[in-house]
Amino acid sequence: MWDVFKDWIFQAINFFYQMVGDWGLAIIIVTIIFRAIVAPLMHKQAKSNYKMQKIQPEIQKIQSKYAGDQVKMSQEMQKLYAEAKFNPLAGCLPMLLQMPIFIALFQVLREMGGREEVQNFTFYNLVPNLTQSPSGAFSEGIGTFVPYLILMVIFAGATFFPMIQQQLKSKDSKQRNQTLIMAAVMSIFMLWISWGSPAGVLLFWGVSSLIGIGQNQFTLARCRRQDAEKEAEEALVAKPVEVEVVRKEKKKRPTKKR
């Protein structure tokens, strides 16, 4: 069943290759279609991350206050989640649902060099061979290696850029520093993985990550705008109505003559 699923993905890439005549562009088209399909899931995940960022200070207060009482901490956390309408699983579920497709695409691109149908596996001569890894291109000279190096940087950087961008606005300096260090370490690890990965895989993942960044920024901007509108409405309701009262000047009473 898994091999049949992978064959469907290859046929989709091959279909667009027959239309555009370039394997790299065909991979980009399939990646865009894939991101469009999972866009609703990614939208929910981005909203969940945004809500988590908002209630993070309250979570830390609860954790600090009930550090010695796990039962009470759990109750207060559940209460906070209910008030904020936040579901912790909402951020994990979309990723779990799309992982099989990611894995299948990854494997198809790794195995593409061994398919008889694949010839001249280039990306408009920008990348000479999408089946070749950066390590193999490096042995052929710096001129050949440069396009692969660019794919490596995009592959590693775009993967963790959203996480880094969110933490730059965080008020918790300790958590921000920990996240930035973790992101830097993971980026180095991703560079190590990309060193031996086919360029086609790096192209797919890089384009997918860049599209994901755009989708994430769109969702965050929308959430911030909705929060701003809500705060403006609440401020308008809470503001007391000012009524301007104009007092008429009292006329002096005429004095009676005695």
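Residues numbered from 1 in each chain as written. Predicted model: local features only at pLDDT ≥ 70, side-chain atom pairs only at ≥ 80, totals over all residues. Heavy atoms only, no water.

Things to note about the side chain of T31
- For T31, the position within the fold is in helix 2 (residues 23-37).
- Judged by relative accessible area, which is 1%, T31 ranks as buried.
- Filtering out sequence-adjacent residues up to four positions away, T31 remains in contact with F204, V207 and S208. (Helix = DSSP H or I, 4+ residues; strand = E, 2+ residues; numbered from the N terminus. Buried < 20%, exposed > 50% of the residue type's maximum accessible area, 1.4 Å probe, protein only. Contact = heavy atoms within 4.5 Å.)

A short note on the side chain of S187
- Along the chain, the position of S187 falls in helix 8 (residues 173-195).
- Excluding its chain neighbours within four sequence positions, the residues that come into contact with S187 are A156 and F160.

Considerations on the packing of aromatic side chains
- All chains considered together, the criterion is met by 11 aromatic pairs.
- Residues Y17 and W23 carry aromatic rings whose centres are separated by 4.0 Å and whose planes lie at 5° to one another, so their mutual orientation is stacked.
- The exposure class of W23 is buried, given its relative accessible area of 0%.
- Pairwise contacts between aromatic rings join F10, Y17 and W23 into one cluster. (Phe/Tyr/Trp six-rings, centres within 6.5 Å; stacked < 30°, edge-to-face > 60°.)

Details of a positive patch on the surface
- A grouping of K44, K47, R222 and R225 is seen on the molecular surface, where their side chains present a positively charged patch.
- For the positive patch, the secondary-structure elements that each account for two or more residues are helix 3 (39-65) and helix 9 (199-238).
- In this structure, R222 sits in helix 9. (Patch = residues over 30% accessible without salt bridge, like charges linked within 9 Å, V, L, I, M, F, W, Y side chains within 5 Å. Areas by Shrake-Rupley, 256 points an atom, 1.4 Å probe, with all protein chains shown as cover. Salt bridge = Lys/Arg side-chain N within 4 Å of Asp/Glu carboxyl O. Lys, Arg positive; Asp, Glu negative; His and termini not counted. Charge placed at Lys NZ, Arg CZ, Asp CG, Glu CD.)

Comments concerning helix 4 (residues 70-84)
- The end-to-end C-alpha distance of helix 4 is 21 Å, a good match for the 21 Å that 15 residues give at a rise of 1.5 Å each.
- Among all positions of helix 4, only M73, E76, M77, L80 and Y81 are buried. Taken end-on, helix 4 shows its buried residues confined to a sector of 140°, consistent with a single buried face. Facing away from the buried side of helix 4 by more than 90 degrees, the exposed set consists of V71, A82 and E83.
- Buried residues belonging to helix 4 abut helix 3.
- Of the residues flanking the end of helix 4, it is K85, one or two places downstream, whose phi is positive at about 55°. (Expected span 1.5 Å × (residues − 1). Arc of directions from axis to C-beta.)

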